[in-house]
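# Overview (structure and organization)
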Amino acid sequence: MKDLYSTRKYLIITIIVIASVALIIKLFIIQVVKDTYRLSADNNVLRYVTQYPARGLIYDRNEELIVYNQAAYDLMVIPAQTSKMDTALFCGDLGITREIFMDRLKAAVNYSRRAPSIFLKQISAESYARFQEKIFMFPGFYVQPRTLRKYSRPVAAHLLGYVSEADEAQIKKDPYYKPGDYIGKLGIEEAYEKELRGTKGVKIFLVDVYSRIKGSYANGLMDTVAVQGNDIISGIDLDLQEYGEKLMQNKTGSIVAIEPSTGEILSLVSSPCFDPELLVGRVRSENYARLSADTLLPLFNRAFMASYPPGSTFKPVNGLIALQEKVIVPSTTFGCSRGYLFVGCHSHASPLNLKGAIMNSCNAYFCQTFRKVLENPGYGSISEAYEKWRSYLTEFGFGKKLETEFVNELPGLIPPSTYFDRYHGINGWKALTVISLAIGQGEIGTTPLQMANMTAAIANRGYYFTPHIVKSIGNEQRIDKRFTMKHQISIDSANFEEIVLGMEAAVNGGAGATARIAAMEDIIVCGKTGTAQNPHGEDHSVFIAFAPKDKPVIAIAVYVENSGFGATYAAPVASLMIEKYIKREIGESSKWKEQRMLELNLINRTAQNETER
Amino acid sequence: MKRSVNIWYRIDKITVLLFLLMMIMGWFNIYAAVYNEEHKEILDFSQRYGKQFIWIVAAVVLAIIVVVIDNRFYLFFSWGVYGVLVSLLILVLFFGREVNGARSWFQLGSLSLQPSEFAKFATALALASYLNNHKEELTKLKVILPATGIILLPALLTAKQPDMGSTIVFFSFFFVLYREGMSPYIFVSGLLMVILFFLTLLMDNVLLELILVGLAFFLTWFVTRKPKLSLAGLGIVILIGGILFALDNFVIESIGNEYIIIITLILAGLAFAYYIYQKKASGILVIYLFLLGSVLYINMVDFAFNNLLKPHQRERVEIMLGFKSDPHGTGYNLNQSLISIGSGGFSGKGYLKGTQTKFKFVPAQSTDFIFCTVGEEWGFIGSFVIVGLYLFLLLRLIKLAERQRSVFSRIYGYGVVSVLFTHFFINIGMTIGIVPVIGIPLPFFSYGGSSLWGFTILLFIFLRLDASRTEYLI
């Protein structure tokens, strides 16, 4: 066949030849000409030493350091590079037995002969210094510097979280982590892991057969620098936090304090607490096991992982809804005959208006108010009225997660009307069926965090910011946008003012006021007592408050488990916390309260409840 | 009977020898790459080197089968085979096992098959068959389009998996089209596009475009042999460009040098149009069109690179070009590979003594990066020998292709050359950093059943066709 294009083969051949020559030339350059990649005849080996960046520090709102780093040293081994050595000397220097040595070495061999394994975790600085001098005697071993967390005070363990080694699942999910790398767990350490951890770097060294570093590979051209983690300023007031933990010693319960104007959490105490230092370094696993087994559940964060019926502290919100729904006005009175129908009440002056009802915590008033809300003729059915009532509560942040930084928040429970429909049949239930909700009892659950948030909303007269633990991140002082969003509640601020008057009276109103113990000379504290019923034992003492009445700087919720009336224990704790925060010092006149709370020991009572369950 | 004895006699022994040599060398290198002290025996079938032995034996069997089959079979069934493989390429998108974000493999029990490896020879067959029926018509659009379609169909299906490496291999079939008569302009344009792509990223666009203008000037001078005319053309461009540049900087709001150059060229083109039309100066027209096209292309590349490529693909190119150094992340493979090969020096560290190989620093070392083992353990000598062997194989195949009397066989032969060349150049090029990291195997060398069998069939069909080249005129 005629072939018109046979000369084209020359172009194709030329291209192929040029390409091959290009390959040869480049190969020649990198293999023969350039020294960069060549390793010497001693059979030098490359060692990749990961540069671990310093983990970001955590400060409190006054820029006092809470969490910082200390140097630690891991002893590494590459089994393939080990050879005969004086094991007795080695073990002696490091304080381990020969058995431990053999076990560890075997484990390393099992993992990989060629890749490094951790032989001994976090040897002391002295051991490190001593060892470095003799390192040439122990080929195959070297030291990898790490950082561990250190705490300026033994407080805020729940808030801060801790740092531990990444487990298999986490490594699989994010390959940035290698076995032995640290990752934050719980609290701020977990929530802001990506900010705090920085970025690892690597230094590549040439190492000879005696495990001695001969120099940087490629003059450090391939090295990358570790980037330090971002520091975090939390909203926590460290003094307040420490004080709160001290007040709650030997008791179980929680305290949540929020700054209403920003939503920053000033203090978050869950008692029993523990020293965060327990979960650092070599002792962590052991201590963690011990804490897990403790029947009082110290690892459990009661501030938002526990949901309780709020009790009387719920009355202000019910009052607000009633005002907004225009079923009552502040001057509306209801009589109380030591209760209303089947709901009991303690003895007090009667009848009372709204302010008086809050001040005296009258159950009858609120039962009748709640009834009016649910039986409002403006709505077609009780379900509709109930759902409207419920929608207000949702605006306050009840019945759903508040979306703070913590992952294991409980949403609490405000049952939808369908819940009662299912139980009693549609339209098979009335206001009286669910009347206990009026006084915060029955099928209702709120967390202390939600209660503090509600208090902040009342303090602000109608809005709140999502509670958050962190004030700003890094040098640019960033913060997640969702924390600067105002959540407005569709209740007139005028109505809020009326409720505030009631809460002011509850503390400062004189005879009959349930929270007189929380009053202070020069600061107007507004509050509400509550007794959360506990089917398993003694009721819980609850108190919510904010201060000062005008231009409030702190909103607080205190829960003291198994301690009876709200006024007895929760209120003094709250007032002491408020005093500590605003005045920084506890005045002489309050010292007796402080003394009493410090000495109060309810652990046995709680322990009893636990075993009874 | 007599005929089959003749076939064995006529099979090109040099190529068969090269084939066996490469497989054996590959096998030994895989042993070195994967070397596991606990499984020292090279025939240990739980390890890759043991398995590769099985694949090699199977490949030899396949080769024998391919040769025994009558060569007319390949002509008649080329479309059928193509159709089957295209269907498999479609099916694998739905039923394939997902590995690293790509669906390229069928899992049949413990056996994995990769259809794209077999689609390569199928495409070569189909292309050869089609062009055989339309000999010397590749200048006509109605022939170019279907031919391109035969290539593009498997290319796009492979790109969907996604498997960029194999997709590029399919595009190499344009070598075949060029050989069979496709306009050299298209071919040269293609090459130019690749070169310009990298140049655009490496240097400033404006500078590059000015260099191109200069080049166009010299080309015009060379082609027309009229220095005054060429200078006049250059002068017009500079004049227009100068005016626009002055306007841009001092009078109107700046629109940027890049746009200035484009507008200048378009206006200059209008000025040239008259002359070109009058004198039917097609040479100048071509040069001008190439220049304008290149400038527009350069701007498009920037846009596409920043807006169309996925971040990890961008990163790979940037690392290859040296913009980014990321020895622990995306640049890890390349970095390790360079260290490995570079450390081999002139004569290598010796068989089984490569430290980088031993310490498993290079990922995918038995497959895509198998050349590292050669580089490290056999040094420059070893690298040179391997490159030389491939070069020799490719040139030998071209020689065989050219001596075919049957057009079908020749076209198929060039198809084989294109596929093998692309794999060879990209694979080795990637390990030494002149090509971005694109994962494709080194033919006959890398570990893997599908690729080895695909290449074996690809090669031996051609050897069969060649062996019977004097018999029937297909």
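Residues numbered from 1 in each chain as written. Chains lettered and ligands numbered in written order. Predicted model: local features only at pLDDT ≥ 70, side-chain atom pairs only at ≥ 80, totals over all residues. Heavy atoms only, no water.

### Comments concerning the overall build of chain B
- Within chain B one finds 20 helices and 3 strands.
- Long-range contacts, defined here as pairs at least 24 residues apart, represent 70% of the contacts in chain B between residues at least 6 apart. (Helix = DSSP H or I, 4+ residues; strand = E, 2+ residues; numbered from the N terminus. Contact = heavy atoms within 4.5 Å.)

### With respect to the sheet that holds strand S3 (residues 111–113) of chain B
All names here are of chain B.
- Taken in spatial order, the 3 strands line up as S1-S2-S3 in an open sheet, and their pairing is antiparallel. Strand pairing shows two members of the sheet lacking a second neighbour, strand S1 (97–99) and S3, which therefore form its edges. Direction aside, the axes of adjacent strands within the sheet are offset by 45° on average.
- Examined bridge by bridge, strand S2 (residues 102–108) and S3 share 3 bridges and lie antiparallel to one another. When the bridges of S3 are listed, Phe 106 appears paired with Leu 113.
- Contacts from helix H5 (residues 78–95) reach S1 and S2, with the element oriented near 95° to S2. (Pairing = 2+ DSSP bridges. Axes fitted to C-alpha atoms, helices over the stretch in contact; angles between N-to-C directions.)

### Notes on the pairing of strand S19 (residues 540–547) of chain A
Residue and element names in this part refer to chain A.
- Along S19, 8 of the 8 residues are buried, which leaves the element largely enclosed by surrounding structure.
- Across 7 bridges, strand S18 (residues 526–532) lies against S19 in antiparallel orientation. Within S19, the position partnered with Gly 530 by the bridge is Val 542.
- Sheet topology note: the S19/strand S20 (residues 554–560) ladder contains 7 bridges and is antiparallel. Bridging across to S20, Ala 545 finds its partner in Ile 556.
- Following S19, the chain reverses through 6 residues before pairing antiparallel with S20; Lys 551 in that reversal takes a positive phi of roughly 55°. (Buried < 20%, exposed > 50% of the residue type's maximum accessible area, 1.4 Å probe, protein only.)

### Some thoughts on the pattern of salt bridges
Residue and element names in this part refer to chain A.
- All told, the structure shown has 35 salt bridges over all chains when counted by the stated rule.
- Close ionic contact of Asp 93 with Lys 134 constitutes a salt bridge, the shortest N to O distance being 2.6 Å. Of this pair, Asp 93 sits in helix H2 (residues 87–94) while Lys 134 sits in the loop between helix H4 (125–133) and strand S5 (141–151), and the two are 41 residues apart along the sequence.
- Residues Asp 181 and Lys 200 are paired through a salt bridge, measuring 2.4 Å at the closest nitrogen-oxygen approach. Of this pair, Asp 181 sits in the loop between helix H6 (168–173) and strand S7 (182–185) while Lys 200 sits in the loop between helix H8 (193–197) and strand S8 (201–207), and the two are 19 residues apart along the sequence.
- Accessibility expressed as a relative area gives 3% for Asp 181, which makes it buried.
- The network of salt bridges with shared partners includes Glu 64, Arg 153, Asp 237, Asp 239, Glu 242 and Arg 584. (Salt bridge = Lys/Arg side-chain N within 4 Å of Asp/Glu carboxyl O.)

### Considerations on the interface of chain A and chain B
- Of the residues lining the interface, 37 residues belong to chain A; the matching set on chain B comes to 56 residues.
- Between the two partners, chain A and chain B, sit 6 residue pairs in polar contact (both at pLDDT 80 or more).
- If you list the elements that add at least two residues to the side of chain A that touches chain B, you get helix H1 (9–33) and strand S1 (45–51) of chain A.
- No other element matches the 17 residues that H1 of chain A contributes to the side of chain A that touches chain B.
- A class-by-class count of the residues in the side of chain A that touches chain B yields 24 nonpolar, 5 polar and 8 charged. (Polar contact = N/O pair within 3.5 Å; in protein donor to acceptor, adjacent residues only side chain to side chain. Nonpolar A, V, L, I, M, F, W, Y, C, P; charged D, E, K, R; others polar.)

### Remarks on unusual backbone geometry
Residues and elements named next belong to chain A.
- With omega at 10°, the peptide bond leading from Ser 271 into Pro 272 counts as cis.
- Positionally, Pro 272 belongs in the loop between strand S12 (264–271) and helix H10 (284–293).
- A cis amide bond, omega -15°, links Ala 547 with the succeeding residue Pro 548.
- Notably, Lys 326 is not glycine yet its phi reads approximately 60°, a positive angle.
- Checked against the element boundaries, Lys 326 lands in the loop between helix H12 (315–324) and strand S13 (339–340).
- Relative accessible area serves as the criterion here: at 68%, Lys 326 is assigned to the exposed category.

### Quick look at a nonpolar patch on the surface
All names here are of chain B.
- A cluster of nonpolar residues, Leu 207, Ile 211, Leu 215, Leu 219, Phe 222 and Val 223, forms a patch on the protein surface that exposes about 560 Å² of accessible area.
- Along the chain, Val 223 falls in helix H11 (residues 205–224).
- Judged by its relative accessible area of 44%, Val 223 is partly exposed. (Patch = residues over 30% accessible without salt bridge, like charges linked within 9 Å, V, L, I, M, F, W, Y side chains within 5 Å. Areas by Shrake-Rupley, 256 points an atom, 1.4 Å probe, with all protein chains shown as cover.)

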